[in-house]
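# Fold and contact review
The primary structure of each chain is shown beneath.
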Amino acid sequence: MGELAIEIRNLLKDFPVGMRGKQVRALDGLSLEIEAGQIYGLLGPNGCGKSTMMKLLLGLIRPSRGAAHIFGMHAGSLGARRVLGYLPEVPHFYRFLTGRELLNYYSRISGVPRREREAQIMCALGQVGMESAASRCLGTYSKGMLQRIGLAQALLHDPKLLILDEPTAGVDPEGTDGIGKIIRALKGQGKTILVSSHLLGQMERLCDRVAILNKGRLLCEGSVDDLLTREGTAAFVANGLDASGRSAVEAAIEAAGGELCEVAPARRGLDALFSRTIKEETEGMS
C-alpha cells in the first residue's frame, strides 16, 4: 500500500438534539483508508454522514470517539490544515469583490507569503480557466464560474489534499464536464481529491475508488472497476452478425461467420450499484 492521505479509525459522532439529552448518531464506527494520488468518491443519500466526515477531517468539529489522520497528522491540527484545501457545497463569497480580489483575500488567510501571492493567484486562476474573468465582480458570475473560483481559492496554498463537497451542484452539463476535467488534471499533478456528489454518472467516470455510506456506516468500498464488474458474466462485441447470430454464444458467433472483437466483464452502472446497496442495507434492518 502507498502513502495514506486519509486514515479514519472507528470514527463516531453524536449530535445533541433538543433539551432532554437525546442524541443523533451521524457517524457510527466508520473506518476508511484513502491512498495518496487518488480521486476518491464519497457517496450516500442525504443524511448518510458525508458532510459530517468532511467536517471532522477539516477540524471544524470533533469526534465523539475514534480518530482521523491526514498524511499522518491529526485532523484539525495546524499541520493537517496546511496540506488541505476545501470547497464547500454552497460557498458564500462577497459578491462585490472581483475574482482576483477574492483570491487575494483568501491567499492572506491561507498564509501565502506576500511575495508569492500574485504568482499563486495567477497559477490558481490558470488551473481553473478563470483568467479572463478575474477582474469581474462575483455578482456577475454564473453558478459554474462561482464553483471554479471557489476551487481556485482551495488551490492557493498548493495543498496536497482537496476536499470537494458537491463541486458541481447546480452546474449545467457543460460546466460539470469542465470541472471534472479540472479535477482529473489536479490528480495528474499528484494531488489527492476527496469528492462527494449525487451525480453518480459523473462519479463513475471520474473516480478511482468510491465508498457508499448510509446512516453513518460504510456499506461498501473499492475501485470503481471492481465494484461495477459483474462476476460470472461477459460482454461480447462482434462484427458481421445477422439478427440470429447476435443472440448466440461464442461458438455460434464463429459458426455464423462473425468476428469476435472483444470479450469483457459485463458492468452495471454506479447508479444501479448505489440503489441496490442502499436497498439491501435498508431491508436488512427491517
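Located above this text is the structure these notes cover.
Here the structure is a predicted model, which means the values were calculated and not measured. Along every chain, residues carry numbers that run from 1 in the direction the sequence is written. It should be noted that, the model being predicted, local features are given only for residues of pLDDT at least 70 and side-chain atom pairs only at 80 or more, the latter also being counted only at that level, while totals for whole chains, interfaces and linings use all residues. Excluded from the side-chain calculation are hydrogens and water; included are all heavy atoms of the structure.

## Points about the pairing of strand 2 (residues 22–35)
On a regular strand, each side chain points to the face opposite its neighbour's, so the side chains alternate between the two faces of the sheet. Selection criterion: We call two strands paired when DSSP finds no fewer than two bridges between them. By definition, any uninterrupted DSSP run of H or I lasting at least four residues is a helix, any uninterrupted run of E lasting at least two residues is a strand, and each is numbered from the N terminus.
The sheet contact formed by strand 1 (residues 4–17) and strand 2 spans 11 bridges and is antiparallel. Looking at strand 2, one finds that Lys13 is bridged to Leu27. Between the end of strand 1 and the start of strand 2, which pair antiparallel, lie 4 residues, with Gly18 showing a positive phi angle near 75 degrees.

## Considerations on the sheet that holds strand 3 (residues 39–43)
Heads up, the rule is: Every axis corresponds to a line fitted to the C-alpha atoms, with the helix fit spanning only the stretch in contact, and the corresponding angles, defined between N-to-C directions, vary from 0 to 180 degrees. Note on contacts: a residue pair qualifies if any of its non-hydrogen atoms lie within 4.5 Å across the two residues.
Read from one edge of the open sheet, 6 strands run 6-7-8-3-9-10, paired in mixed fashion. The sheet is open, and its two borders are formed by strand 6 (84–87) and strand 10 (217–223), each paired with just one other strand. Between one strand and the next, the sheet's axes are offset by a mean angle of 15 degrees, whatever the strand orientation. Taken together, the 6 bridges between strand 9 (residues 209–214) and strand 10 define a ladder with antiparallel strand orientation. Each bridged residue has a counterpart across the sheet, and for Val210 the counterpart in strand 10 is Gly222. Where helix 5 (residues 143–155) meets the sheet, its contacts fall on strand 6 and strand 7 (161–165), and the angle it forms with strand 6 comes to roughly 160 degrees.

## Focus: the sheet that holds strand 1
Pairing in this open sheet of 4 strands is antiparallel, and the strands run 2-1-4-5 from one edge to the other. Across the chains shown, the open sheet's two edge strands, defined by having one partner strand only, are strand 2 and strand 5 (73–74). Contacting strand 1, strand 2 and strand 4 (65–70), helix 1 (residues 50–58) crosses the sheet at an angle of about 115 degrees to strand 1.

## Section: the side chain of Glu166
The criterion, for reference: The buried label goes to any residue with under 20% of its type's maximum accessible area, the exposed label to any with over 50%, and the partly exposed label to all in between, with areas taken from a 1.4 Å probe on protein chains only. As used throughout, the charge tally considers Lys and Arg to be positive and Asp and Glu to be negative, leaving His and the chain termini uncounted. For this document, the term salt bridge refers to a Lys or Arg side-chain nitrogen within 4 Å of an Asp or Glu carboxyl oxygen.
Mapped onto the elements, Glu166 comes out in the loop between strand 7 and helix 6 (173–188). This buried residue, Glu166, is left without a salt bridge; Lys50 holds the nearest opposite charge, at 5.3 Å. Excluding residues that lie within four positions of it along the chain, Glu166 makes contacts with Glu89, Gln147, Ser196, Ser197 and His198.

## Comments concerning the packing of helix 3 (residues 99–109) against helix 5
Put simply, the rule is: Throughout this description, any angle smaller than 35 degrees is read as roughly parallel, any larger than 145 degrees as roughly antiparallel, any in the 65 to 115 degree range as roughly perpendicular, and the remainder as oblique. Each crossing gets its hand from how the near helix is turned against the far one by less than a right angle, where anticlockwise is left-handed and clockwise is right-handed. Asp, Glu, Lys and Arg are counted as charged, while Ala, Val, Leu, Ile, Met, Phe, Trp, Tyr, Cys and Pro are counted as nonpolar; the rest, among them Gly, fall into the polar class.
Where helix 3 meets helix 5, the closest approach of the two axes is 9 Å, and the angle between their N-to-C directions is 30 degrees. Here helix 3 is positioned roughly parallel relative to helix 5, judged by the angle of their axes. Judged by the twist between their axes, the crossing of helix 3 over helix 5 is right-handed. Touching Gly99, Leu102, Leu103 and Tyr106 of helix 3 are Ile149, Ala152 and Gln153, all from helix 5. Per-class residue counts for the contact of helix 3 with helix 5 are 5 nonpolar, 2 polar and no charged.

## Let's talk about the pattern of salt bridges
On inspection of all chains with the given rule, the structure shows 10 salt bridges. Note that Arg9 and Glu7 form a salt bridge whose closest N and O atoms lie 3.1 Å from each other. Residue classification places Arg9 among the partly exposed residues on the basis of a relative accessible area of 38%. Its relative accessible area of 25% is what places Glu7 among the partly exposed residues. Salt-bridge contacts for Glu221 lead to Arg209; the nearest nitrogen and oxygen are separated by 3.1 Å. One end of the pair, Glu221, is in strand 10; the other, Arg209, is in strand 9, with 12 residues separating them in the sequence. By relative accessible area, which is 26% here, Arg209 ends up partly exposed. Look at the salt bridges and you will find they share partners, linking Asp14, Arg25, Asp28 and Arg217 into a network.

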